[in-house]
Amino acid sequence: MTDFELIPAVDLKGGKCVRLQEGVASRSTEYSNDPVAMALHWEELGATRLHLVDLDGAFSGAAAHLEIARSIFSALKIPVEFGGGLRTLEQIEKILELGAQRAILGTVAVDHPEIVAEAVKRFSSASIVVGIDARQGKVALRGWVDVTTVAAAELARQMKDLGVERIIYTDVARDGMLSGVNYRETEALCIEAGIKVIASGGVTTVEDVRTLWERRRRGIEGVILGRALYDQKIDFADLRSQLLSWR
């Protein structure tokens, strides 16, 4: 394993593997009706981790794909991080018990940071990741429907103070748009908050990935790959091979 992870995403909506554009539920593209097979596909191509999101859970606040998640956890040998609708300690405990290595918390980090603090104490800092989704630097909640006045960097600092080790930072305006990754804000977040960051949103080319990789010493420890893989803008096996050759 390198010091920078390439993490394919499987997003669940209505039992299928989809991708949204800018986080808008009505702007979704279906890629597979077999999410388990899709997850296995990325593992077979050499992924060292899978990013699994319950989009229906993110919008509703209640996990809607627990059985599919359980099947993916059981089928894969690599670790899986899971997010979408995890807003109580009971929901967090359930997904970790089912087999997720990491539980990704989003909306609850703003609405109830005390739950994040308790989760870190109860389940370990390594198993709790906070997903910070932002538009123009401001945090977006509840499946990106509500944009707050909270600055992403401010929330990241708060989460670090609670014991969180890493965050996933998504530029919502770029997610699913194939418009290029926002590496400047991602790097700034690492520096300002002093926390490890996994980048997400807008990755379109190998050069996007390399730009992030070159900033790994700042704290960017990986990138989540979604639509670029599904639309075959990036070949995962080839990208992984290139990554291993970068110096």
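If you're wondering where the values come from, they're calculated on a predicted model, not measured in any experiment.

**What about the overall build of the protein chain?**
Part 1 of the argument: Helices and strands together make up the secondary structure of the protein chain, namely 11 helices and 12 strands.
Part 2 of the argument: Computed over its C-alpha atoms, the radius of gyration of the protein chain comes to 16 Å, within 12% of the 18 Å expected for a compact globule of 247 residues.
Part 3 of the argument: Along the longest, intermediate and shortest principal axes, the C-alpha atoms of the protein chain span 45 × 40 × 35 Å.
Part 4 of the argument: The buried share of the protein chain, reckoned over its 247 residues, is 55%.
Part 5 of the argument: Of the contacts made within the protein chain by residues no fewer than 6 positions apart, 69% connect residues no fewer than 24 positions apart.
Part 6 of the argument: Total accessible area computed for the protein chain in this model is approximately 10,300 Å², and 46% of it derives from carbon and sulfur atoms.

**Notes on the pattern of salt bridges**
Part 1 of the argument: Counted according to the given criterion, the structure contains 12 salt bridges.
Part 2 of the argument: Asp231 serves as the salt-bridge partner of Arg227, at 2.8 Å between the closest nitrogen and oxygen.
Part 3 of the argument: Since its relative accessible area comes to 25%, Asp231 is described here as partly exposed.
Part 4 of the argument: Where salt bridges share partners, they join Asp3, Arg216 and Arg217 into one cluster.

**Quick word on helix H4 (residues 89–98)**
Part 1 of the argument: Leu89, Ile92, Ile95, Leu96 and Leu98 are the residues of H4 that are buried.
Part 2 of the argument: Where H4 is buried, its residues touch helix H3 (66–75), strand E5 (80–83), strand E6 (102–105), helix H6 (113–123) and strand E7 (128–135).
Part 3 of the argument: In the segment just after H4, Gly99 is the residue with positive phi, at about 135°.

**Observations concerning the environment of Trp213**
Part 1 of the argument: Within the secondary structure layout, Trp213 lies in helix H9 (residues 206–213).
Part 2 of the argument: Taking the C-alpha atoms as reference points, Trp213 and Glu97, 116 residues apart in sequence, are found 32 Å from one another.
Part 3 of the argument: In this structure Trp213 touches Phe4, Leu243, Trp246 and Arg247, once residues within four positions along its chain are discounted.

Conventions adopted
- Residues numbered from 1 in each chain as written.
- Predicted model: local features only at pLDDT ≥ 70, side-chain atom pairs only at ≥ 80, totals over all residues.
- Heavy atoms only, no water.
- Helix = DSSP H or I, 4+ residues; strand = E, 2+ residues; numbered from the N terminus.
- Rg over C-alpha atoms; globule rule 2.2 N^0.38 Å.
- Buried < 20%, exposed > 50% of the residue type's maximum accessible area, 1.4 Å probe, protein only.
- Contact = heavy atoms within 4.5 Å.
- Areas by Shrake-Rupley, 256 points an atom, 1.4 Å probe, with all protein chains shown as cover.
- Salt bridge = Lys/Arg side-chain N within 4 Å of Asp/Glu carboxyl O.

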